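# Inside the fold
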Amino acid sequence: MKHIVSGIQPTGSINIGTYLGSIKNFVALQNSYKDHHFYLFIADLHAITIPKDRLKLRKMIKELAAIYLACGLKEERLSLFIQSEIPAHSQMSYLIQCFTYMGELERMTQYKDKAQKQASVSSALFTYPTLMAGDILLYDAEYVPVGDDQKQHLELTRDIAQRINHRFEDFFKVPKPLIPKVGARIMSLADPTVKMSKSDANVKSRIELLDDDNIIRKRIMSAVTDSEGKIYYDKVNKPGLANLMTLMGAVKNESLAAIEAAYQDKTYQTFKEDLATLVIDHLRPIKERYQELIKSDKLDDILEKGRIEAEKIARKKVMKFNHKLGLGRKK
Ligand code: AQP
């Protein structure tokens with residue numbers, strides 16, 4: 001059985017950017033990659049590379065677990081687990097650091113962006129890509145579905161895997177990225193030059209999956225556009241409108257050309273009203289399923305089953321790697 005691996009950080013309530021860039025894609029992949037098993041995790045170790053409030057983090061971990069399932073992932077084809085509950089992730093990250101160069105980590109654009117926003121930068125933020133590489137390589141993933149912004153980290157993972165394989169004869173499977181064609185990068189509604197993020201201080205920058213309908217409509221109606229008043233896709237000169245068109249395309253599974261054709265004679269107001277209705281209708285069943293899941297014991301059972309399944313694979317892989325490296329005692 002081949003494996004697909006991915007994770008999301010519980011750094012805040014899940015927004016429509018993360019949903020369209022990753023979770024919606026996972027659901028589609030579960031339907032098209034029927035012979036693959038999914039290892040999906042809640043990346044809580046990644047989340048603490050920037051300090052987090054303890055109680056809020058715990059709440060977000062549970063919320064994210066429920067969101068994954070509420071979005072339509074089938075539990076029977078999935079091991080859903082919490083990263084920190086599998087010690088092999090931290091162990092593998094350290095081993096991988098021994099094969100990663102400072103220069104490689106210094107080139108990571110996400111590190112540079114995030115470090116800029118911090119008064120003091122933890123070394124874990126710097127080595128974050130080695131934790132991510134370990135997350136993937138532990139499970140010998142065939143594919144890793146990621147948004148556009150994680151592409152660089154995945155390329156580094158591939159480089160490290162190839163470097164280790166060169167020394168230890170194909171020890172790791174070299175993973176391939178799966179990047180969605182539309183929705184790979186949803187931008188902030190308040191500033192379309194930056195990515196929509198869970199931790200953006202401006203709540204108007206995003207739509208959260210659990211937002212009330214009236215908030216969703218308000219956010220879309222007040223999203224930044226331009227004064228030209230004509231609907232066509234131009235990412236450079238009309239980034240706000242281009243972002244909303246991308247949003248519509250990703251929710252509807254429709255091409256930008258089709259959206260352009262449907263709205264060429266319409267106003268921004270009509271377009272935004274239609275987009276708001278579309279998003280509200282799309283999120284309604286997700287919110288309903290979420291409310292059922294968050295109250296039930298089922299969620300804990302699924303996370304425990306996922307922990308046991310993931311632990312089995314990950315522990316074996318890290319032990320094997322320890323052995324290859326000559327660590328510990330020979331058994
Ligand atoms: N705006 C987005 N558009 C498309 N895809 C996105 N992803 C995140 N934001 C968008 C994709 O979702 C996956 C999980 O991301 P993550 O939460 O692990 O990390 P992130 O990219 O750092 O997300 P945030 O929201 O920006 O987190 P904070 O604010 O905590 O830094 C990834 O595949 C990502 O590409």
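Quantities reported herein were computed from a predicted structural model and do not represent experimental measurements.

### Some words on the pattern of salt bridges
One pass over the structure, following the stated rule, counts 15 salt bridges. The closest approach of N and O atoms between K287 and D213, which form a salt bridge, is 2.9 Å. In this pair, K287 sits in helix α12 (residues 268-295) while D213 sits in helix α9 (residues 213-221), placing the two residues 74 residues apart along the sequence. On the basis of relative accessibility, which here comes to 14%, the residue K287 falls in the buried class. A salt bridge links E254 to K252; the nearest nitrogen and oxygen atoms lie 3.9 Å apart. By relative accessible area, which is 27% here, E254 ends up partly exposed. You can call K252 partly exposed: its relative accessible area is 38%. A single salt-bridge network, built from bridges that share partners, covers D213, D281, R284 and K287.

### Description of empty space enclosed by the protein
Under the counting rule described, the total for this entry stands at one cavity of 30 Å³ or more. For the lining of the largest cavity, the secondary-structure elements that each account for two or more residues are α6 (109-116) and α7 (123-137). Looking at side-chain class alone, the lining of the largest cavity contains four nonpolar, two polar and one charged residues.

### A look at the site of the ligand
The ligand sits among 23 residues. The nearest are D149, K195, S197, K198 and S199. Interatomic distance of 2.4 Å between a side-chain N/O atom of D149 and an oxygen atom of the ligand. Side-chain polar atom of K195 to an oxygen atom of the ligand: 2.6 Å apart, as the coordinates give it. The protein chains hide 95% of the 650 Å² of surface that the ligand would expose on its own. Every element with two or more residues in the shell around the ligand is listed here: β1 (2-8), α1 (16-32) and α6. Looking at which element gives the most residues to the shell around the ligand, the answer is α1, with four residues.

### Quick look at the environment of H282
Structurally, H282 is set in helix α12. Sequence separation between H282 and K2 is 280 residues; the distance between their C-alpha atoms is 31 Å. Beyond its immediate chain neighbours, meaning those up to four positions away, H282 contacts Y19, K24 and V251.

### Topic: the side chain of H3
Following the sequence through the fold, H3 ends up in strand β1. H3 gets classed as buried once you look at its relative accessible area, which sits at 13%. Of the polar contacts made by the side chain of H3, one reaches the backbone oxygen of Y139; its length is 2.7 Å. Those residues in contact with H3, other than ones at most four positions away along the chain, are H36, H37, Y39, Y139, D140, A141, E142, Y143 and I313.

### Describing unusual backbone geometry
The phi dihedral of E169 falls on the positive side, at around 35°, and the residue is not glycine. Of note, E169 is situated in the loop between α8 (151-167) and β5 (176-178). Taking the relative accessible area as the measure of exposure, E169 reaches 73% and is therefore exposed. In this structure, N253 is a non-glycine residue whose phi angle is positive, near 55°.

### A look at the packing of aromatic side chains
Summed over the entire model, instances satisfying the criterion amount to 12 aromatic pairs. Here Y33 and Y143 contribute two aromatic rings whose centre-to-centre distance is 5.2 Å and whose plane-to-plane angle is 70°, an arrangement assigned as edge-to-face. Separated by 110 residues along the polypeptide, Y33 in the loop between α1 and β2 (36-42) and Y143 in strand β4 (residues 143-145) bring together distant segments of the chain. Taking the relative accessible area as the measure of exposure, Y143 reaches 18% and is therefore buried. Ring centres of F171 and F321 lie 5.2 Å apart, and the angle between their planes is 20°; this geometry places the pair in the stacked category. Of this pair, F171 sits in the loop between α8 and β5 while F321 sits in helix α13 (residues 298-325), placing them 150 residues apart in sequence. For F171, a relative accessible area of 9% puts it in the buried group. The exposure class of F321 is buried, given its relative accessible area of 0%.

About the thresholds
- Residues numbered from 1 in each chain as written.
- Predicted model: local features only at pLDDT ≥ 70, side-chain atom pairs only at ≥ 80, totals over all residues.
- Heavy atoms only, no water.
- Salt bridge = Lys/Arg side-chain N within 4 Å of Asp/Glu carboxyl O.
- Helix = DSSP H or I, 4+ residues; strand = E, 2+ residues; numbered from the N terminus.
- Buried < 20%, exposed > 50% of the residue type's maximum accessible area, 1.4 Å probe, protein only.
- 1 Å grid on protein atoms, 1.4 Å probe; cavity = no way out; pocket = protein on both sides within 12 Å on 5 of 7 lines; lining within 4 Å.
- Points joined across faces, edges and corners; volume = space filled by probe spheres on them.
- Nonpolar A, V, L, I, M, F, W, Y, C, P; charged D, E, K, R; others polar.
- Near = heavy atom within 4 Å.
- Polar contact = N/O pair within 3.5 Å; in protein donor to acceptor, adjacent residues only side chain to side chain.
- Areas by Shrake-Rupley, 256 points an atom, 1.4 Å probe, with all protein chains shown as cover.
- Contact = heavy atoms within 4.5 Å.
- Phe/Tyr/Trp six-rings, centres within 6.5 Å; stacked < 30°, edge-to-face > 60°.

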